[in-house]
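Remarks on the overall topology
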Amino acid sequence: MIRTFAALRTGFFSLSLMLLVCLIAGCQSTQQTSRIAIEDYQEMASKMAQSLRQSDAINLRSPSDEPWIVSFDKVLNLSTEIMTQGEQWLVIASVR
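Residues numbered from 1 in each chain as written. Predicted model: local features only at pLDDT ≥ 70, side-chain atom pairs only at ≥ 80, totals over all residues. Heavy atoms only, no water.

1. Describing the confidence of the model for the chain
So the rule is basically this: For every residue, the predictor assigns a confidence score, pLDDT, that lies between 0 and 100. For helices the rule is a DSSP run of H or I covering at least 4 residues; for strands it is a run of E covering at least 2, with both sets numbered from the N terminus onward.
Averaged over every residue, the pLDDT of the chain is 74; residues scoring 70 or more account for 65%. For the chain, per-element mean pLDDT is lowest for helix H1 (residues 2-27), which scores 52, and highest for helix H3 (residues 56-59), which scores 87.

Pasting the structure below:
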């Protein structure tokens, strides 16, 4: 009887431990964030550069035209994505 109780107690303890491990593992999930990944920045910069290359104002220019100087002093995020000021400047620097 004592052996049976000890075996039962050991089995219950093992089962409880396995259940606890499964619950903890099930609660863990891959960390998701609403932040933009670097790949998204690269794609955004690529699309902006492509849009500029397709611009008539740029395509109709000739080598004899006076050069343009483009400068930025502020970046305004018009997307719905959350971007820090540094991330916004990263995209602008990538377009160059």
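The discussion continues.
2. With respect to the packing of aromatic side chains
Threshold: In summary, the pairing rule links any two rings of Phe, Tyr or Trp, Trp by its six-membered ring, whose centres are within 6.5 Å, and it sorts them by plane angle into stacked for under 30 degrees, edge-to-face for over 60 and tilted for everything else. A positively charged side chain is recorded as over a ring if its NZ (Lys) or CZ (Arg) lies within 6 Å of the ring centre. The angle to the ring normal must also be within 35 degrees.
Taken as a whole and judged by the stated rule, the model has 0 aromatic pairs. Its end group placed over the ring of Trp68, Arg61 keeps NZ or CZ at 4.2 Å from the ring centre.

3. Overview of the environment of Met48
As a reminder, the rule being used: Three exposure classes are used, based on accessible area relative to the maximum for each residue type with a 1.4 Å probe and protein chains only: buried under 20%, partly exposed in between, and exposed over 50%.
Locating Met48 in the fold gives a position in helix H2 (residues 38-53). Met48 gets classed as partly exposed once you look at its relative accessible area, which sits at 33%. Separated by 46 residues in sequence, Met48 and Ser94 have C-alpha atoms that sit 9.5 Å apart.

4. A word on helix H4 (residues 85-95)
Inclusion rule: This arc is built from the directions going out from the helix axis to the C-beta atoms. We call two residues in contact when some of their heavy atoms are within 4.5 Å.
Looking only at H4, the buried set comprises Glu87, Gln88, Val91, Ile92 and Val95. An end-on view of H4 places all buried positions within 145° of arc, on one side of the element. Where the residues of H4 are buried, they touch H2.

5. Some details on the nonpolar core
How we decide: Only buried residues count toward a nonpolar core, which is a set of Ala, Val, Leu, Ile, Met, Phe, Trp, Tyr and Cys residues joined through side-chain atoms within 4.5 Å.
Counting 7 residues, the largest nonpolar core consists of Ile36, Tyr41, Ala45, Ala49, Met83, Val91 and Val95. At the level of elements, H2 and H4 are the ones that each hand at least two residues to this core. If one sorts the elements of this core by residue count, H2 sits on top with 3 residues. Apart from the residues within four sequence positions on either side, Val91 is in contact with Tyr41, Met44, Ala45, Met48 and Met83.

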